[in-house]
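# Topology and contacts: notes
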Amino acid sequence: MSWTMIDMPGNFAVVIHGEFDCVNCFTHHTGRSAFRYYSTRLTEAQLTSGKTAEPLRRCLTMIAEEQKPEAVIVLGTCPVEVIGDRFQQEVEEISAQTGVPMVALHTSGLRMSTQREMLDWCFDTLISLGDGASEGDQVGFIGMPPGGQSSEVTRVLKQAGISISGHFPEGASMGEWQGLGRSSRSFVSDLAIFPKVVERLRARGQALIETPLPYGLAASQRFYTTIDKALNLDGALLSSLTDESQRAQQAINNFRSQHGGKRLALTLRMRNTYRSDVVAQDGLGQLEAYQELGFDITLLVQGAPDPDVVEAYGVLLRARGLTLPFEIFPGPFFLQECLERGAYDLACVADHGLKSARSAGIPAFDSVAMSPYIGSVPRNLARLNALLEHR
Amino acid sequence: LNDLEHFRLKTNDLGRLTGVSIALHAIPDAFLLMHCGVGCKHKATSKLSTHDWAENVVDREGWTEVGDAELIEGSTHRIGPYLRSWQKRVQPGLMAVISVTFLDLTGDDYKDEVRQNDEELPCKVIYVPAPGYDGDVYAGYASALVEVVKSLDWTQPVTHKTEVSVLGYLFDRYEGDHLGNLAQLRSLLKALGLSLGATLFSGAPYAKLHEAPRAGLTLSFPYAAPRAKRFKRLTKRELLQVDLPMGIAGTSRWLRVVGKAAQVQEERIQAVIQHKEAQVRKHIGMARQHLEGQRVAVFADVPLLIGLCTLLLELGLMPVLVGIRGHTLGGEQEFRDGLARNGFSLPDDLPVLLSPSLHAVRENVRNLLDRDQLDGMIGAATEFNAITTLPADTFVQYDHRGEPTKRGLFALETGFPCKHYHVTRPSPFMGYAGVMGWADRLLNAPRLWDNGRSR
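Residues numbered from 1 in each chain as written. Chains lettered and ligands numbered in written order. Predicted model: local features only at pLDDT ≥ 70, side-chain atom pairs only at ≥ 80, totals over all residues. Heavy atoms only, no water.

Looking only at helices and strands, chain B features 18 helices and 14 strands. Its C-alpha atoms give chain B a radius of gyration of 23 Å, within 12% of the compact-globule value 23 Å for 455 residues. Taking the principal axes of the C-alpha coordinates as reference, chain B spans close to 70 × 60 × 40 Å. Within chain B, buried positions represent 63% of all 455 residues. (Helix = DSSP H or I, 4+ residues; strand = E, 2+ residues; numbered from the N terminus. Rg over C-alpha atoms; globule rule 2.2 N^0.38 Å. Buried < 20%, exposed > 50% of the residue type's maximum accessible area, 1.4 Å probe, protein only.)

Laid out in structure tokens, this is it:
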């Protein structure tokens, strides 16, 4: 929750209800709204005596009086869960007294949850702070790659006369989240990972359409075709991208002739992230972009290497129609060995995996460094080409 | 509780667990097992991996995956199997276990569990308390230091009289800044006829740290100061408390203090200082000419702040706003006392913010910029995150055509974490070479924001 909201513009406040070090579960050196975050800074005495209400009341009251936010989100932590703190009652009371909308969420780390669940919960909470049924012609984008505001899709939709309500979560302000419910339709990277959001928006009469993640040429073309059909644009979107598509296809042809058949290790389940486009499609949103380049791909999945777990991953991949070879490795510590054993030409890794790949002597890139949409294909390929050429 | 500032996110809201993880990261064959919930893992990895691009952060860390079920049934028994399996996989020289507040609240005896595993496993296993309601990152670093120092054999005699060991060097990454600092310390000591021995911590493996007791002199750097009495008891030695050797005055004073304690001849110490100072002063003349009179906001922990303000004043710059990061290394008085030890002082009305929030940094910097009273800022990535949310026209002015007319304030990252400042070659920020390093950084500092034409 904190990771997602810290870069959200808008006049809101987030209160971490717990000891001060609980704020240390997310970074403070990035995110444009870090200065709108608070901690109730519970002491040992307050935690052991259960006297946690007063600091929360004081904190919320002063935020309402001084900052005057449009909304306050209170996040519960492990220590307050352990002592059974019913902090939502305080939050509701202060909200009623001050007139500032306040939401209490039990977000402690005690209940294991997936990145998908957290994102869905967070987005749904933000949308719930707004009201109004679907109206007008605006469209929204949910769970797409970052950079949406200045992206190719924004440009071509504008040219086609379509108004965008926002790109969610990236860059969306608190006000835009509150207004998302009023869009006529939204395009979503993965409907399955947002069950709460889907239910809420559909209840408001909004049409939700799943699209591929726009990485590489073929997936991006299907992305535009899906939008085009939904908005009855008669092929206008892809027509306006004819030059970009030709350049992308040429770059792909050149790349395939030079590097087709080379071995690519594509790692999965390594990233500590709450970026919804990375989590979408089981982390396989870029796979098609690498397949169209002619790579010989092996999936390296971080997970327990027990035989039943390995079998389960096989079932999951086959359910997605994938017959690619895959290998399970237990954690980052084992990645280097895994990469060396596979004798890969290139590795797509996440986070800390880059250093393991470097130690293995294998050129590597982070999937989040790849740019989305058709116009970016030549640049992405130049980057991969440089990695392969200068290994 | 009657001030909203109390509740706001601080620029250094880093607790003990982060400090412990930095300390363990500084021992390349150590392993940190975190007995904690899922969120606490980030206290050890997120900032450190941003800060240190040279060494992997995650492959020598593990956690015991405690959720609500484990909490209810009791979680102590999870520690042993995790320790044993990680020991087998990683073969570390040292393993450290931490627990966190919500588990401590259950009253389970993790310390004893760790003690039992220490007896059974082939490597040393220590327990480091890391409650999240008090202390700070420096307290965590010092706690880990205490436990490591405790594990060394201080009954062994001094066998290397001219060797100097160090407790409390804050080694937070394997990049060129610390490699450069350690080379500087070696060079300064060598000039006095001494040598640098085991340094806790310095990127040296655990076995190397066992050489600390053999040194003729043990220095206590400021990051060990909060536990000075404990270290004295544990080491059974008189430790020499020193400031960081920063700035010309700070480095020369450091040489005097260390040289005297090591019974180096006064003439030799003076000769070294005169020679080194003359060299540095010759080189920094041009820097001073260009930097003279620039007004700076500086955010750092007290030891670093003393060093930074010393050298800024030596280079002709004027601190006009100071922020003290953390609270266990001292406050305004300790800062002013340290500066006075280097022969400098700052005006009594200089604003000194104690453990400021991001909001406070943002507002104080904005006020100075609005009054055109600030030319630069030095701080960690968190302080810069606070001010980069200000509108661009806070930093630059525009002419009648709407074009920016000058460049904004200079921005230098230092402290923890650094997001943009990373160094591959040895680039000390301590010692005489550190003075020239800072002069170079100040002369070539990036700007918030820059029209690219003004000078």
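Attention now moves to the environment of Asp131(A). All names here are of chain A. Relative to the elements of secondary structure, Asp131 occurs in the loop between α6 (115–128) and β5 (139–142). Owing to a relative accessible area of 54%, Asp131 belongs among the exposed residues under this scheme. On a C-alpha basis, the gap between Asp131 and Arg204 in space is 9.2 Å, while along the polypeptide they are 73 residues apart. Excluding residues that lie within four positions of it along the chain, Asp131 makes contacts with Gln178, Arg182 and Arg204. (Contact = heavy atoms within 4.5 Å.)

All names here are of chain A. Along the chain, Ser376 falls in the loop between β13 (364–366) and α18 (377–389). The buried category is assigned to Ser376, whose relative accessible area is 8%. One polar contact links the side chain of Ser376 to the main-chain carbonyl oxygen of Pro372, over a distance of 2.8 Å. (Polar contact = N/O pair within 3.5 Å; in protein donor to acceptor, adjacent residues only side chain to side chain.)

On to the environment of Pro372(A). Residues and elements named next belong to chain A. Here Pro372 shows up in the loop between β13 and α18. The spacing of Pro372 and Ile83 is 289 residues in sequence and 46 Å in space, taken between C-alpha atoms. Setting aside residues up to four positions removed in sequence, Pro372 forms contacts with Pro145, Pro146, Pro214 and Tyr215.

Another aspect to go through is the interface of chain A and chain B. Contact with chain A, which involves 49 residues of that partner, is made by 57 residues of chain B. Summed over both sides, the interface between chain A and chain B buries roughly 4700 Å², with carbon and sulfur atoms accounting for 64% of that surface. Our enumeration of links across chain A and chain B arrives at two salt bridges. A salt bridge links Lys43(B) to Asp21(A); the shortest N-O distance between them is 3.6 Å. For the side of chain A that touches chain B, the elements supplying multiple residues, two or more each, are β2 (37–39), α2 (44–49), α3 (53–67), α4 (78–82) and α17 (353–360) of chain A. Element by element, the count of residues in the side of chain A that touches chain B is highest for α3(A), at six residues. (Buried area = accessible area lost by both parts, 1.4 Å probe. Salt bridge = Lys/Arg side-chain N within 4 Å of Asp/Glu carboxyl O.)

On to the nonpolar core, then. In terms of nonpolar packing, the biggest core is built from 134 residues, with Leu200(B), Phe201(B), Leu219(B), Trp254(B) and Phe335(B) touching the most fellow members. Other than its neighbours up to four places away in sequence, Phe201(B) contacts Ala23(B), Ala26(B), Ile27(B), Tyr141(B), Ala144(B), Leu145(B), Val148(B), Tyr169(B), Phe171(B) and Leu209(B). (Core = buried A, V, L, I, M, F, W, Y, C linked by side-chain atoms within 4.5 Å.)

Residues and elements named next belong to chain B. Spatially, β6-β5-β7-β8 is the arrangement adopted by the four strands of the open sheet, whose pairing is parallel. Each edge of the open sheet carries a strand with a single partner, namely β6 (195–200) and β8 (240–241). When strand β7 (residues 215–220) meets β8, the two strands line up parallel, connected through two bridges. The residue of β8 that forms the bridge with Leu219 is Leu240. (Pairing = 2+ DSSP bridges.)

It is worth spelling out the packing of aromatic side chains at this point. The way to describe two aromatic rings as a pair is by their centre distance and the angle between their planes. Taken as a whole, this structure holds 18 aromatic pairs over all chains when the rule is applied. Taking the centre distance of 6.3 Å and the plane angle of 35° together, the rings of Phe141(A) and Phe223(A) count as tilted. Taken together, the positions of Phe141(A) in strand β5 and Phe223(A) in helix α10 (residues 217–230) put the pair 82 residues apart, joining distant regions of the chain. For Phe141(A), a relative accessible area of 1% puts it in the buried group. An aromatic cluster of at least three residues, connected via ring pairs, comprises Phe141(A), Phe187(A), Phe223(A), Tyr224(A) and Tyr373(A). Lying over the aromatic face of Phe35(A), Arg362(B) brings its terminal NZ or CZ to 3.9 Å of the ring centre. (Phe/Tyr/Trp six-rings, centres within 6.5 Å; stacked < 30°, edge-to-face > 60°. Lys NZ or Arg CZ within 6 Å of the ring centre and 35° of its normal.)

Scanning the model with the defined rule gives zero disulfides over all chains in all. Note on Cys22(A): no disulfide assigned, nearest cysteine sulfur contributed by Cys25(A) at a separation of 5.9 Å. Residue Cys22(A) is classed as buried on the basis of its relative accessible area, which comes to 9%. Cysteine Cys40(B) is unpaired, with the sulfur of Cys25(A) as its nearest cysteine sulfur at 4.9 Å. (Disulfide = S-S within 2.5 Å.)

Residues and elements named next belong to chain A. Here Val139 lies in strand β5. In sequence terms Val139 and Ser276 are 137 residues apart; their C-alpha atoms lie 18 Å from each other. Once residues lying within four places of it in the same chain are set aside, the contact partners of Val139 are Leu157, Ile162, Ser163, Ile164, Ser165, Gly166, Ser183, Ser184, Arg185, Phe187 and Leu231.

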